[in-house]
Amino acid sequence: MNESFDWDSLTFSLTPTETMYITETEGDEPWMPGRLQPYGNVSLSPAAGVLNYGQGLFEGMKAFRTSKGRVVFFRPEENARRMQRGADRLKMPPVPESVFVDAVEQVVAANINWVPPSGKGAMYVRPLLMGSGPILGVAPAPSYTFLIYVTPVGPYFKGGVNAIDLLISERHHRAAPGGSGGVKAIGNYAPGMKPSKEAKADGLC
Ligand SMILES: *Cc1c(COP(=O)(O)O)cnc(C)c1O
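What you are looking at is a predicted structure, and each value in this text was computed from that prediction instead of being measured.

Chemist: When you look at the packing of aromatic side chains in this model, what are you seeing that I'm missing?
Modeler: Any pair of aromatic rings gets described here by the distance separating the centres and the angle formed by the planes. If you walk through the whole model with that rule in mind, you get nine aromatic pairs. A centroid spacing of 5.3 Å and a plane angle of 75° characterise the contact between Phe 12 and Tyr 124, whose relative ring orientation is edge-to-face. With Phe 12 in the segment before β1 (19-26) and Tyr 124 in strand β6 (residues 122-131), the pair connects residues that are 112 residues apart, well separated along the chain. Overall, the relative accessible area of 34% leaves Phe 12 in the partly exposed class. With a centroid separation of 4.8 Å and 65° between ring planes, the pair formed by Phe 58 and Tyr 189 is classed as edge-to-face. Highlighted residues: Phe 58 in strand β3 (residues 56-58) and Tyr 189 in the loop between β7 (143-153) and α4 (193-201), separated in sequence by 131 residues. Since its relative accessible area comes to 28%, Tyr 189 is described here as partly exposed.

Chemist: Just to check I follow, could you spell out the environment of Thr 23 for this structure?
Modeler: Note on placement: Thr 23 falls in strand β1. What makes Thr 23 buried here is its relative accessible area of 3%. C-alpha separation for the pair Thr 23 and Leu 147, spaced 124 residues apart in sequence, amounts to 6.4 Å. Each residue touching Thr 23, except ones within four places of it in the same chain, is listed here: Trp 31, Met 32, Pro 33, Gly 34, Tyr 144, Thr 145 and Phe 146. A polar contact is formed between the side chain of Thr 23 and the backbone oxygen of Met 32, at a distance of 2.7 Å.

Chemist: Help me understand the domain arrangement of the protein in this model?
Modeler: Looking at the assigned domains, one finds that the protein contains domain 1 (7-162) and domain 2 (163-205). Each of domain 1 and domain 2 has a C-alpha centre, and these two points are 23 Å apart. Summing both sides of the interface, domain 1 and domain 2 together bury roughly 950 Å²; the carbon and sulfur share of this comes to 71%. The largest contributions to the domain 1 side of the interface with domain 2 come from Phe 58, Arg 89 and Asn 162, which together make up 51% of the buried area.

Chemist: Help me understand the environment of Pro 33, please; the structure alone is not making it clear to me.
Modeler: Examined against the element boundaries, Pro 33 turns out to sit in the loop between β1 and β2 (35-38). Residue classification places Pro 33 among the exposed positions, given a relative accessible area of 56%. Spatially, the C-alpha atoms of Pro 33 and Thr 23 are 6.7 Å apart, while their sequence positions differ by ten residues. With residues up to four places along the chain from it excluded, the contact list for Pro 33 reads Tyr 21 and Thr 23.

Chemist: How do you make sense of the nonpolar core when you look at a structure like this?
Modeler: Soluble globular proteins tend to pack their nonpolar side chains together in the buried interior. Residues Leu 57, Phe 100, Leu 129, Phe 146 and Ile 148 are the most contacted members of the largest nonpolar core, which totals 33 residues. Looking at this core, the elements that each hand over two or more residues are β4 (61-65), α2 (76-89), α3 (97-110), β6 and β7. Counting residues per element, this core draws most heavily on α3, at seven residues. For Leu 129, the residues in contact, after removing those within four places along its chain, are Trp 31, Gln 55, Gly 56, Leu 57, Met 83, Ala 87, Met 92, Pro 93, Val 95, Thr 145 and Phe 146. By size, the runner-up hydrophobic cluster in this structure holds five residues, among which are Ile 22, Ala 48, Met 130 and Leu 147.

Chemist: Any chance you could explain a nonpolar patch on the surface here in plain terms?
Modeler: Residues Phe 12, Tyr 156, Phe 157, Ile 164 and Leu 166 make up a contiguous nonpolar surface patch of roughly 580 Å² in combined accessible area. When you line up the elements, Leu 166 lands in the loop between β7 and α4. You can call Leu 166 exposed: its relative accessible area is 71%.

Chemist: Honestly, the pairing of β1 in this entry has me stumped. Any pointers?
Modeler: Moving residue by residue along a regular strand, the side chains alternate between the two faces of the sheet. Most of β1 sits inside the fold, with six of its eight residues counted as buried. The pairing of β1 with β2 spans four bridges and is antiparallel. Within β2, the residue paired with Ile 22 across the bridge is Arg 35. One ladder, built from six bridges, connects β1 with β7; its direction is antiparallel. Counted as the bridge partner of Glu 26 is Ser 143 from β7.

Chemist: Explanation requested: the side chain of Thr 151 in the structure shown.
Modeler: Tracing the backbone shows Thr 151 in strand β7. Of the residues examined, Thr 151 reaches a relative accessible area of 4% and is grouped as buried. A distance of 2.8 Å separates the side chain of Thr 151 from the backbone nitrogen of Thr 15, its partner in a polar contact.

Calculation criteria
Residues numbered from 1 in each chain as written. Predicted model: local features only at pLDDT ≥ 70, side-chain atom pairs only at ≥ 80, totals over all residues. Heavy atoms only, no water. Phe/Tyr/Trp six-rings, centres within 6.5 Å; stacked < 30°, edge-to-face > 60°. Helix = DSSP H or I, 4+ residues; strand = E, 2+ residues; numbered from the N terminus. Buried < 20%, exposed > 50% of the residue type's maximum accessible area, 1.4 Å probe, protein only. Contact = heavy atoms within 4.5 Å. Polar contact = N/O pair within 3.5 Å; in protein donor to acceptor, adjacent residues only side chain to side chain. Domains from an automatic or database assignment. Buried area = accessible area lost by both parts, 1.4 Å probe. Core = buried A, V, L, I, M, F, W, Y, C linked by side-chain atoms within 4.5 Å. Patch = residues over 30% accessible without salt bridge, like charges linked within 9 Å, V, L, I, M, F, W, Y side chains within 5 Å. Areas by Shrake-Rupley, 256 points an atom, 1.4 Å probe, with all protein chains shown as cover. Salt bridge = Lys/Arg side-chain N within 4 Å of Asp/Glu carboxyl O. Pairing = 2+ DSSP bridges.

Now the structure itself:
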């Protein structure tokens with residue numbers, strides 16, 4: 001464990017770690033196991049499908065350190081399957097469950113010193129799948145990138161499990177029947193930011 005880090009100050013925010021996982025696939029090639037590389041910026045074509053047409057998905061899951069010091073996951077294969085359903089909806093090549101789970105294990109193992117002590121939080125695991133190849137017309141990208149980064153986090157809700165106030169917006173909608181609301185499409189999330197900020201600014205929640 002990282003002894004010099006202040007584990008008590010963790011919130012749900014980004015603390016960069018050392019290593020990330022990345023793999024790419026071209027056209028109809030099968031996904032191959034990827035590589036670990038230093039955590040850092042990725043280079044993308046300005047015409048990347050994800051930047052122009054939102055061909056992107058994310059996942060989120062946690063690795064925990066138990067009181068006995070083991071590092072455990074909760075059903076990572078379910079996150080793999082959900083990402084496969086999303087890939088199907090956004091016309092991206094699904095990452096096989098075995099590649100996904102192996103990648104999660106590799107990147108957590110490579111950053112094991114960043115898994116918080118038992119009871120102090122968790123290591124948040126963030127897989128991304130995106131159309132990274134260039135495409136001008138509205139169509140599936142010619143190539144794809146699957147990457148995973150990790151960061152230690154504290155509780156999502158500060159102050160533990162408490163009742164929270166919620167506001168139902170009548171003016172904004174997150175999802176429509178037949179749309180992408182049922183999968184973790186990256187484009188589902190930005191439209192919620194304005195209603196959320198406004199509700200907070202109005203003191204409504
Ligand atoms: C992914 C997600 C969550 C967390 O869901 P889990 O199934 O616990 O991973 C919560 N809210 C929204 C809107 C999400 O997309």
